[in-house]
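Structure at a glance
Spelled out from the first residue to the last, the chains are:
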Amino acid sequence: PAAEPGDALRAACRGALERARRRTRGLTDIPDDQLTAQHSALMSPLVWDLAHIGNQEDRWLVRAAGGCAATPARAGLGDPSGLDAVSGLDDLYDALQHPRSTRPSLPILGPTEARAYAESVRERAFDVLDHCGFDGDALTADGFVFGMVAQHEQQHDETMLATHQLRTGLALLHAPAAPRARRATGPVSADPAPESAVPESAVPESAVPESAVPESAVPEIVVPGGAFTMGTDGTAGTESWALDNERPAHRVEVAAFAIEALPVTNRRYAHFIADGGYRRRELWSERGWRHRVEEGLEAPQFWSRDGDGRWQRRRFGATVALEPDEPVVHVSYFEAEAFAAWADKRLPTEAEWEKAARHDAAAGRSRTYPWGDAEPTEYHANLGQRHLSPAGAGAYPAGATVTGIHQLIGDVWEWTSSGFEAYPGFRAFPYREYSEVFFGGDYRVLRGGSFGTDAVACRGTFRNWDHPVRRQIFAGIRLARDYPANDGVGIAAASE
Ligand code: AVJ
Ligand code: FE
């Protein structure tokens, strides 16, 4: 039978939802006591995330897109005292009403109930998807609401991954090690190349050597001044699932600046510590210093020293020697700011970051990803919890910009110096509580995604935000600096 129009879109929506659910299962198929425990006051019990994922899907796919009644939580579980499915559940799983630290004291669903609820919502959501014509309204056009729900689940999967990192005790998660140095840019076996794999010949020449990058020669790329298109109108392809805060596309003037070609490594961060970085008041902002003193910060979260004084770190239940060439991760905005001052540089603004990542000067347009518009493969970026750590600096040459900036997408989120604000012409869609209620708050924008971010929730326009003190997220550092007025000759490679 001939394919119906919409079949490819339907398959893409189903695929994104199924991939998210496989990951959710991997993060929650753990002993019940681990699922219900609160591993950190900063995080929910994992069982809350699980049912919240189901509840969000019920609200947007079953009810809003499908026009169906709410899915009862205790259907088939034989509990007549079950919560009122609509008000009770929506209430319990409303993130804004209940800060994470209070969630353990709520009468939330237990492990068996939460799993059953998420599964029965999913069955109904697939039913809605099977009958969706994608032409009803803005909610379903281009499959937006299905993509939004898949992104929501993946975002909570990243949050749950951070909870796993915070918990103590033996490892529950396993994955192959991330590549250490410059990895192959295409399949290394005889397997046929995936269609979107980047051929070797398309890999930009870059200043990044094969192995470790010596600290004294961190390559910088100069981005010439001028306007570029920031954000997206997202009407086609991957960008049609761009969330409300990424919209609309608008022109932004950005003065010339230089940005480092690589994220800051553990080696360099350890030099900052050894050079008194945490003791030198002048490197810190006033708020940052106060926070540093109050919390007694002396190193990134999860770092400690072994018996011989060498740095090691706890990583998902294992203690391992610090890998010097990996991007530093688990630093707060305040630490990133102090590190930048020590290096005589600064963090990029959000607009600078996006221009460096997306602006194609030759074509005069913005790309979806640093390497172009092709969706990320395992050769482009360390995404999707394929590995349980960042990869070595310079490990993904196929994912670099044509100008030679590496690992903007994947590995670690990158703190920018910008607060989280609405773009001009912003419209909350489809709900205010995703973005709008956070604008103007005490947040800094992070860009680029981490090894724990799925590709569906990561693109050149994607905006994450968090409080400047937070460091349980997978956040690291990219440095930039002002660049003296340039003559417009074009891209120049500078070095320190
Ligand atoms: C975009 C990561 C800041 O986790 O608070 C999840 C994503 N919004 N459920 C968050 C989100 C609603 C959000 N961040
Ligand atoms: Fe949520």
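Conventions and cut-offs
Residues numbered from 1 in each chain as written. Chains lettered and ligands numbered in written order. Predicted model: local features only at pLDDT ≥ 70, side-chain atom pairs only at ≥ 80, totals over all residues. Heavy atoms only, no water. Donors = N, O, S within 2.8 Å, 3.2 Å for Na, K, Ca; no water. Tetrahedral: all angles 85-135°; square planar, octahedral: opposite > 155°, others 65-115°. Helix = DSSP H or I, 4+ residues; strand = E, 2+ residues; numbered from the N terminus. Buried < 20%, exposed > 50% of the residue type's maximum accessible area, 1.4 Å probe, protein only. Axes fitted to C-alpha atoms, helices over the stretch in contact; angles between N-to-C directions. Parallel < 35°, antiparallel > 145°, perpendicular 65-115°, else oblique. Contact = heavy atoms within 4.5 Å. Nonpolar A, V, L, I, M, F, W, Y, C, P; charged D, E, K, R; others polar. pLDDT = per-residue confidence, 0-100. Core = buried A, V, L, I, M, F, W, Y, C linked by side-chain atoms within 4.5 Å.

This part covers the coordination of the iron ion (ligand 2). Taken together, His52 (NE2), His152 (NE2) and His156 (NE2) make up the full set of protein donors to the iron ion (ligand 2), lying 2.1 Å away. Metal-centred angles of 91 to 172 degrees between the 4 donor atoms at the iron ion (ligand 2) mark the site as irregular. Each donor residue of the iron ion (ligand 2) belongs to the same chain, and together they define the spacing H-x99-H-x3-H. With histidine 152 and histidine 156 both in helix α6 (residues 144–166) and 4 residues apart, this pair spans about one turn of that helix. Here histidine 152 matches histidine 156 in class, with each residue buried.

Another aspect to go through is the packing of helix α3 (residues 46–65) against α6. The N-to-C vectors of α3 and α6 enclose an angle of 175 degrees; their axes lie 10 Å apart at closest approach. Our classification of the angle between α3 and α6 gives roughly antiparallel. Contact residues: Leu46, Trp48, Asp49, His52, Ile53, Gln56, Glu57, Trp60, Leu61 and Ala65 in α3; Val145, Phe146, Met148, Val149, His152, Glu153, His156, Asp157, Thr159, Met160, Thr163 and His164 in α6. For the contact of α3 with α6, the residue count by class is 11 nonpolar, 7 polar and 4 charged.

Before going further, it helps to spend a moment on the confidence of the model for the chain. Residues shown with low pLDDT carry predicted positions that ought not to be read at fine detail. Across the chain, the average pLDDT comes to 89, with 88% of residues at or above 70. Within the model, pLDDT remains below 50 along residues 485–496, and this stretch shows 22 contacts once partners closer than five positions in the same chain are excluded. Here the predicted complex carries an ipTM of 0.99, next to a pTM of 0.91.

Membership of the largest hydrophobic core comes to 64 residues, with the highest contact counts inside it found for Phe146, Tyr269, Phe272, Trp303, Phe339 and Ile477. When contributions to this core are tallied by element, the ones reaching two or more residues are α1 (7–28), α3, α5 (111–130), α6, α7 (266–274), α9 (333–342), β10 (413–419) and β11 (444–447). No other element matches α9, which puts 7 residues into this core. Setting aside its immediate chain neighbours within four residues, phenylalanine 146 contacts Cys13, Leu17, Leu61, Ala125, Val128, Leu129, Cys132 and Phe134. Of all hydrophobic cores here, the second largest spans 34 residues; its members include Leu35, Val62, Val121 and Phe316.

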